[in-house]
Amino acid sequence: MWRRVASLSHILSPSKSSALHQGICRRTVWEAFTTDIMHPAIGGVASEEKNPLITFVLGGPGSGKGTQCAKIVETFGYKHLSAGDLLRKEISSNSENGAMILDTIKEGKIVPSEMTVKLIQKEIESSDNHKFLIDGFPRCEENRIAFEQIIGMEPNIVLFFDCPEDEMVKRVLSRNEGRVDDNIDTIKKRLKVFAALNLPVIKHYTEKGKVYKINGVGTADEIFKQVHPIFTELFVK
Ligand code: UDP
Ligand code: MG
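Residue numbers run consecutively from 1 along every chain, following the written order of its sequence. Just so you know, chain letters begin at A and ligand numbers begin at 1, following the order they were written in. Two thresholds apply to this predicted model, a pLDDT of at least 70 for residue-level local features and 80 or more for giving and counting side-chain atom pairs, whereas whole-chain, interface and lining totals are computed over all residues. To get the side-chain values, all heavy atoms of the structure are used, and hydrogens and water are removed first.

### Describing the overall build of the protein chain
Phase 1 of the analysis: Helix and strand assignments follow DSSP, with helices taken as H or I runs no shorter than four residues and strands as E runs no shorter than two, numbered in order from the N terminus. Along the backbone of the protein chain there are nine helices and five strands.
Phase 2 of the analysis: Along its sequence from the N terminus, the protein chain presents helices and strands in the succession α-β-α-β-α-α-α-β-α-β-α-α-β-α.
Phase 3 of the analysis: The proportion of buried residues among the 237 residues of the protein chain is 50%.
Phase 4 of the analysis: Residue contacts follow a heavy-atom distance rule, with two residues in contact if any of their heavy atoms lie within 4.5 Å. Of the contacts made within the protein chain by residues no fewer than 6 positions apart, 81% connect residues no fewer than 24 positions apart.
Phase 5 of the analysis: Put simply, the protein chain shows about 11,800 Å² of open surface, and 53% of that area lies on carbon and sulfur atoms. To sort residues, take the accessible area from a 1.4 Å probe on protein chains only and compare it with the maximum for the residue type: under 20% means buried, over 50% means exposed, and anything in between is partly exposed. Calculation of accessible area relied on Shrake-Rupley with a 1.4 Å probe; when residues are assessed, cover is drawn exclusively from the protein chains displayed.

### Regarding the sheet that holds strand β3 (residues 131-135)
Phase 1 of the analysis: Ordered by their spatial adjacency, five strands build an open sheet running β2-β3-β1-β4-β5, and the pairing between neighbours is parallel. In this open sheet, the two edge strands, each paired with only one partner strand, are β2 (79-82) and β5 (211-215). The average angle at which neighbouring strand axes cross in this sheet is 20 degrees, direction not considered.
Phase 2 of the analysis: Any two strands with at least two DSSP bridges between them are considered paired. Across five bridges, the pairing between strand β1 (residues 53-59) and β3 is parallel. Along β3, the bridge assignment pairs Thr55 with Leu133. The angle between two axes is taken between their N-to-C directions and runs from 0 to 180 degrees, where each axis is a line fitted to C-alpha atoms and a helix contributes only its stretch in contact.

### Re the site of ligand 1
Phase 1 of the analysis: Taken together, 18 residues are adjacent to ligand 1, and Lys65, Lys109, Val111, Arg139 and Arg190 come closest.
Phase 2 of the analysis: Contacts described as polar in this section are N or O atom pairs within 3.5 Å, which, within protein, must combine one atom able to donate a hydrogen with one able to accept it, while residues neighboring in sequence count only if both atoms come from side chains. Interatomic distance of 2.5 Å between a backbone N/O atom of Lys109 and an oxygen atom of ligand 1.
Phase 3 of the analysis: Within the contact set of ligand 1, an oxygen atom lies 2.8 Å away from a side-chain nitrogen or oxygen of Arg139.
Phase 4 of the analysis: Calculation on ligand 1 without its partners gives an accessible area of 520 Å², and the protein chains cover 96% of this total.
Phase 5 of the analysis: Ranked by the residues each element gives to the shell around ligand 1, the list is headed by helix α3 (residues 83-92), at four residues.
Phase 6 of the analysis: Gly is put with the polar residues, along with every residue not named as nonpolar or charged; the nonpolar set is Ala, Val, Leu, Ile, Met, Phe, Trp, Tyr, Cys and Pro, and the charged set is Asp, Glu, Lys and Arg. When its residues are assigned to classes, the shell around ligand 1 shows seven nonpolar, three polar and eight charged. Here, proximity means that at least one heavy atom of the residue falls within 4 Å of the molecule or strand.

### Details of the packing of helix α7 (residues 165-174) against helix α8 (residues 184-207)
Phase 1 of the analysis: Relative to each other, α7 and α8 sit at 140 degrees, their axes nearing to 11 Å. Between α7 and α8, the angle is such that the two are oblique. Judged by the sense of rotation from one axis to the other, the crossing of α7 with α8 is right-handed. Touching Glu165, Met168, Val169, Val172 and Leu173 of α7 are Ile184, Ile187, Arg190 and Leu191, all from α8. In what follows, roughly perpendicular refers to angles from 65 to 115 degrees, roughly parallel to angles under 35, roughly antiparallel to angles over 145, and oblique to any angle outside these ranges. Helix crossings fall into two classes, left-handed where the near helix is turned counterclockwise from the far one by less than a right angle and right-handed where it is turned clockwise.

### As for helix α9 (residues 220-233)
Phase 1 of the analysis: For α9, with 14 residues, the first-to-last C-alpha span of 20 Å sits near the 20 Å given by 1.5 Å per residue.
Phase 2 of the analysis: Along α9, the largest kink reaches about 30 degrees and is centred on Gln226; proline Pro229 follows within four residues of it.
Phase 3 of the analysis: Among all positions of α9, only Ile223, Phe224, Val227, Pro229, Ile230 and Phe231 are buried.
Phase 4 of the analysis: On its buried side, α9 packs onto β1, α2 (65-76), β3, β4 (157-162), α7 and β5. What a helix should span is 1.5 Å times the count of its residues minus one. We define the bend at any residue as the angle between the axes fitted to the seven residues before and including it, ending there, and the seven starting there.

### What to know about the packing of helix α6 (residues 141-151) against α8
Two quantities define a packed helix pair, namely the angle between the helix axes and the distance between the axes.
Phase 1 of the analysis: The N-to-C vectors of α6 and α8 enclose an angle of 50 degrees; their axes lie 8 Å apart at closest approach. Judged on the interaxial angle alone, α8 and α6 are oblique. For the pair α6 and α8, contact is made by Glu141, Arg144 and Glu148 and by Leu197, Pro200, Val201, His204 and Tyr205, respectively.
Phase 2 of the analysis: Within the contact of α6 with α8, the residues separate by chemical class into four nonpolar, one polar and three charged.

### As for α6
One full turn of an α-helix is made of 3.6 residues, so residues set three or four places apart face in the same direction.
Phase 1 of the analysis: When you tally the buried positions in α6, you get eleven out of eleven residues, the bulk of the element.
Phase 2 of the analysis: Once α6 finishes, Gly152 follows within two positions and takes phi at roughly 85 degrees, a positive value.

### Notes on the nonpolar core
Phase 1 of the analysis: Among the nonpolar cores identified, the biggest contains 30 residues, and Phe56, Ile120, Ile134, Phe137 and Phe147 are the most heavily contacted of them.
Phase 2 of the analysis: For this core, the element with the highest residue contribution is α8, accounting for five residues.
Phase 3 of the analysis: Apart from the residues lying within four places of it in its own chain, the contact partners of Ile134 are Ile54, Thr55, Phe56, Val57, Leu81, Ile120, Ile124 and Phe147.
Phase 4 of the analysis: Counting residues in each nonpolar core, the second largest holds 17 residues, with Val57, Cys69, Val227 and Phe231 among its members. In these notes, a set of buried Ala, Val, Leu, Ile, Met, Phe, Trp, Tyr and Cys residues joined through side-chain atoms within 4.5 Å is what counts as a nonpolar core.

### Thoughts on the environment of Ile151
Phase 1 of the analysis: Among the structural elements, Ile151 can be located in helix α6.
Phase 2 of the analysis: In this structure the C-alpha to C-alpha distance between Ile151 and Ile120, which are 31 residues apart in sequence, comes to 9.3 Å.

Have a look at this one:
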């Protein structure tokens, strides 16, 4: 039995959003999704037997999403699905879309929604777990609508790691993971895309009362002290 605990409402706070839209999300698909009635796939991810618990984990590049996801996995047994990692796996497996995905990531832009949602869907469907952290997705309103349309459900909650830009830049430049997009030029582009396209997603879910905003400054353990009660108090196991 799972239930929401009202005492956590103090963690909720409205997010500031830039209304900018750079047109990176593909307009035609967006329009199709906004005019269509939602028809979740029968027997898919959102079916009775699967009934997954979905947490979206959002925040700018270097805001600590991956680090905190590892701690949530260790403590609460969630399955971690990093959208960026799934896309990088597509590149290294020489899939037909690999070259396009690589170019998109190098530019700090957003990969077409259906592609990312399909990768996430495959992981959810093939997992024995029913609790998922979806890290770094959805990155724009079109991503969000595509997920809700294809998967047929919304996230139960959304974590938002709020971190100042100078701190995020410092972390990304010092993490040395050999990523093609961890250079100052691409980071600047990613930060712009985050402010223009991802903040509206956070605003959308804030209005629905689903967002838990976390101060992303501090050590990993300090930040996890804010994350921990969300998972222990939010649901009664
Ligand atoms: N990306 C994307 N769609 C997603 C997730 C990632 O297009 O749903 C691309 C995008 O170009 C992004 C890059 O992959 O800048 C790296 O994403 P990741 O979440 O790994 O990095 P972060 O921004 O958290 O450092
Ligand atoms: Mg990451």
